[in-house]
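# Inside the fold
Listed below are the residues making up each chain.
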Amino acid sequence: TLAVDGTLGTVTLTWTPYQGDAAFGSYLLLRNVFESTVVDTLDRFFRTDQTAYVDTTPVGSTGYVYRVSVISEQGLEAASVKQGIPPIELPGVDILGLRFDSVDATASLDWRPYSGPRFAAYEVQRTVGATSVIVVRLPDVSTTTFTDSLLVGGTDYSYQVSVLTSGGEVLLGESVSGSFHRHVASWPLPVSG
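An account of the accompanying structure is given in this report. As a convention, each chain's residues are numbered from 1 in the sequence order in which they are written. In view of the model being predicted, local features appear only for residues whose pLDDT reaches at least 70, and side-chain atom pairs are presented and counted only at 80 or more, with totals across whole chains, interfaces and linings using the full set of residues. To obtain the side-chain values, all non-hydrogen atoms of the structure were used and water was disregarded.

Attention now goes to the sheet that holds strand 1 (residues 2–5). Strands were regarded as paired on the criterion that DSSP finds at least two bridges between them. Put simply, DSSP H or I for four residues or longer makes a helix, DSSP E for two residues or longer makes a strand, and each gets a number counted from the N terminus. Read across the open sheet, the 3 strands follow the order 1-2-5; overall the sheet is antiparallel. A single partner strand is all that each edge strand has here, and the edge strands are strand 1 and strand 5 (52–55). Neighbouring strand axes in the sheet, compared pairwise and without regard to direction, differ in orientation by 15° on average. Pairing of strand 2 (residues 10–14) with strand 5, which is carried by 4 bridges, proceeds in the antiparallel orientation. Each axis is a line fitted through C-alpha atoms, and for a helix only the stretch in contact is used; angles between axes span 0 to 180 degrees, taken between their N-to-C directions.

A few words on the pattern of salt bridges. Any Lys or Arg side-chain nitrogen found within 4 Å of a carboxyl oxygen on Asp or Glu counts as a salt bridge. In the structure shown here, the tally under the stated rule is 7 salt bridges. Residue D94 is joined to R112 by a salt bridge in which the shortest nitrogen-to-oxygen separation is 2.3 Å. With D94 in the loop between strand 8 (83–85) and strand 9 (95–101) and R112 in the loop between strand 10 (106–111) and strand 11 (119–128), this residue pair connects regions lying 18 residues apart in the sequence. Overall, the relative accessible area of 39% leaves R112 in the partly exposed class. In this structure, D110 engages R99 in a salt bridge whose closest nitrogen and oxygen atoms are separated by 2.9 Å. Here D110, found in strand 10, pairs with R99, found in strand 9; they are 11 residues apart in sequence, far enough to count as distant. Classification of residues uses two cut-offs on accessible area relative to the type maximum, computed with a 1.4 Å probe and protein chains only: under 20% is buried, over 50% is exposed, and between them is partly exposed.

On to the sheet that holds strand 10. Strands sit in the order 9-10-13 across an open sheet of 3 strands; the sheet is antiparallel. Each edge of the sheet is formed by a strand with only one pairing partner; in this case those strands are strand 9 and strand 13 (145–148). Strand after strand, the sheet turns through a mean of 15° between neighbouring axes, direction not considered. Strand direction decides the pairing type here: strand 9 and strand 10, joined by 6 bridges, are antiparallel. Each bridged residue has a counterpart across the sheet, and for D101 the counterpart in strand 10 is T106.

It is worth spelling out the environment of V170 at this point. Position of V170 relative to the elements: it lies in strand 15 (residues 170–171). The exposure class of V170 is partly exposed, given its relative accessible area of 48%. As for V170 and G92, which are separated by 78 residues in sequence, their C-alpha atoms are 8.9 Å apart.

Relative to strand 4 (residues 40–45), strand 3 (residues 24–33) runs antiparallel, the two sharing 5 bridges. By the bridge assignment for strand 4, L28 is matched with R44. The loop that links strand 3 with its antiparallel partner strand 4 comprises 6 residues; one of these, E35, has a positive phi angle of about 65°.

Once that is clear, we can look at unusual backbone geometry. For E35, which is not a glycine, the phi torsion comes out positive at approximately 65°. Looking at where E35 falls in the secondary structure, it is placed in the loop between strand 3 and strand 4. Positive phi values are uncommon outside glycine, yet L150 reaches one of about 60°. Residue placement: L150 occurs in the loop between strand 13 and strand 14 (157–165).

Along the polypeptide, R67 turns up in strand 6 (residues 64–72). By the counting scheme adopted, Arg and Lys are positive, Glu and Asp are negative, and His together with the chain ends is not counted. Despite its burial, R67 remains without a salt bridge, the nearest opposite charge being carried by E77 at 6.6 Å. Should any heavy atoms of two residues lie within 4.5 Å, those residues are counted as being in contact. When residues no more than four places from it in sequence are discounted, the contact partners of R67 are L28, L29, L30, N32, V39, S80, V81 and K82.

Before going further, it helps to examine the pairing of strand 14. Among the 9 residues that make up strand 14, 9 are buried, leaving the element largely enclosed by the rest of the structure. With 8 bridges joining them, strand 11 and strand 14 adopt antiparallel strand pairing. Looking at strand 14, one finds that E123 is bridged to S162. In this structure, strand 14 lies alongside strand 16 (residues 175–178), joined through 4 bridges in antiparallel fashion. Residue Y157 lies in a different strand from strand 16, and its bridge partner there is G178. As paired strands, strand 14 and strand 15 are joined by 2 bridges and run antiparallel to one another. Each residue of the ladder has a partner; that of V163, found in strand 15, is L171. The turn joining strand 14 and strand 15, which pair antiparallel and follow one another in sequence, is formed by 4 residues; a positive phi near 85° is taken by G168.

In structure tokens form, the structure reads like this:
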């Protein structure tokens, strides 16, 4: 059987112990990407009572097919039925607030912390027109705020917070936009009668 944990980004395989007549040699744990013929050996066990394995290496947005093969001491192989999993969807982060301050010429962002596995860093990207730059990389999952400075009034800015994982995944967040007028301290201004 397969059990997927989307929070941890893992797949747990369990199988019944070998009970055949031929002398047991080993279990081979095999995996391939969905619709690929390239098969990877995840691990090899040499005891019949080792009947569980946790795969901690699935890449988000990739489906996999798993199977367990029994190898006899004579080298004969019998494979289990293949079982597949759909892609594990890792959660990105949403920006909760974007505030501009024309007195300091800054934009302050805050976002929901990443709740998935294998966190490596947040990247904050700023876009002006057709030009995008990474303005900061933050390696602490609990850091969920950033203030961008040296901005120019009357310019439209877009920001996006992405999550980088140790598995090489880039989880893109939503993009939010805004601007401020160069001559006012806050926007919008209160309306008086």
